[in-house]
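Here is what each chain is made of, one letter per residue.
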Amino acid sequence: MCAALPVRAETVEEAAGRHVFDHCKACHSADPGKQGFGPNLHGVVGRPAASLPTFMYSEALKASGLIWTEDNLRAWIAGNDKLVPGTRMRHVAITDRAEQDYLIAYLKTFGDSMGPEQARVLLDRAVGKVKSDGPDKAFAAFNDPKGGFVARDLYVFVFDMKGKYMASGGNPKLTGTDASKLQDAEGKAIVSEMINIANSTGKGEVDYMWLNRVDNQVEKKRSMIQRVGDYIVGVGYYFH
Ligand code: HEC
């Protein structure tokens, strides 16, 4: 027995999901340290697809632009090659809605895994979106919770070179507001620092204290930013 760990009883759904996971565990582990024939599934619910740096994903999955939302996970386990033609994962065909529910409930017990790699994947996708679709369409997608650019507590924000919000997946209502004088919880002028970076090296990182809307705590956040034309595109992750 390990008395120091907080113990939470497994729900009936989670227990049922553990059995459904028997279809997966030959290839997938939920133990963050372990890699299998398939990618590690620790914290997979809400994770950007193909975002583990240590796994060799298929080109098809890398190009999918998917976030593993519950809907996408359902579609994936029902018919992964329909959702992502060209994927290397074998067909598992779990089409029963209840079995899908149980499996997702179980996958959720694996916890969170949002860190620098996932933020980097999201930033690269966002920069690619601005370049391919143009700013207006891209900013609308960043602000849309279902636009494919919100992954749990990761989201995309954009400023113009004067510090005006062009988009913020964390709070779309900020769009159009002036953030040039914005300070973090400790008085650091974060947007002017981002503008300085954008004007000098064009990309970099800024650390600050920020409200995490997912757990409503002020936490240390690191944002990676990149200049694209006359815009600053960024994605930050929290240190929990
Ligand atoms: C025979 C091996 C195998 C089985 C069984 C299997 N998978 Fe996979 N899975 C893979 C491989 C390989 C990939 C990587 C696919 C690619 O790169 O196209 C993958 C990818 C995934 C991903 C994407 C993860 C990411 O980081 O983007 C999810 C989610 C997933 N599998 C869930 C499941 C679930 C849930 C089951 C059980 C219902 C399952 N898999 C069964 C081999 C398997």
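Residues numbered from 1 in each chain as written. Predicted model: local features only at pLDDT ≥ 70, side-chain atom pairs only at ≥ 80, totals over all residues.

Under an unreviewed UniProt entry, the name given to the protein chain is Cytochrome c2, and the organism recorded is Paramagnetospirillum magnetotacticum MS-1. Listed in UniProt under the heading Subcellular location (unreviewed entry), the comment for the protein chain reads: "Cell membrane". (UniProt positions renumbered as here; feature names shortened; annotations may be inferred.)

Asker: So what exactly am I meant to see when it comes to the sheet that holds strand 5 (residues 231-239) here?
Answerer: Strand-to-strand pairing in sheets goes through backbone hydrogen bonds, with the strands running parallel or antiparallel. Strands sit in the order 2-1-5-4-3 across an open sheet of five strands; the sheet is antiparallel. For this open sheet the edge positions go to strand 2 (165-168) and strand 3 (203-212), each flanked by a neighbour on one side alone. Within this sheet the neighbouring strands show an average axis-to-axis angle of 25 degrees, counted without direction. With respect to the sheet, helix 5 (residues 116-133) is in contact with strand 1 (156-160), strand 4 (217-228) and strand 5, its orientation differing from that of strand 5 by roughly 160 degrees. The sheet strands contacting helix 6 (residues 135-143) are strand 1, strand 2 and strand 5, and the helix crosses strand 2 at an angle near 40 degrees. (Pairing = 2+ DSSP bridges. Helix = DSSP H or I, 4+ residues; strand = E, 2+ residues; numbered from the N terminus. Axes fitted to C-alpha atoms, helices over the stretch in contact; angles between N-to-C directions. Contact = placed C-beta atoms within 7 Å.)

Asker: Mind showing me how you'd approach the UniProt feature "domain: Cytochrome c" (unreviewed entry) in the protein chain here?
Answerer: In the numbering used here, UniProt assigns the feature "domain: Cytochrome c" (unreviewed entry) to residues 12-111. Structurally, residues 12-111 comprises 39% helix and 0% strand, and the distance from its first C-alpha atom to its last is 18 Å.

Asker: Where do I start with the site of the ligand in this structure?
Answerer: As a matter of local geometry, the ligand sits amid 26 residues, with Cys24, Cys27, Gly38, Ser58 and Met89 nearest to it. Elements with a contribution of two residues or more to the shell around the ligand: helix 2 (59-62) and helix 3 (70-83). (Near = placed C-beta within 6 Å.)

Asker: How should helix 7 (residues 190-200) be read in this particular structure?
Answerer: Within an α-helix, residues lying three or four positions from one another point in the same direction, as the helix has 3.6 residues per turn. Within the sequence span of helix 7, burial applies to Ile190, Val191, Met194, Ile195 and Ala198. On an axial view of helix 7, the arc spanned by its buried residues comes to 140 degrees, and they lie on one face. Residues Asn199 and Ser200 are exposed on helix 7 and point more than 90 degrees away from its buried face. Looking at the buried side of helix 7, the elements it contacts are strand 1, strand 3, strand 4 and strand 5. One or two steps after helix 7, the chain reaches Gly202, where phi turns positive at roughly 90 degrees. (Buried ≥ 20, exposed ≤ 12 C-beta atoms within 10 Å, placed from the backbone. Arc of directions from axis to C-beta.)

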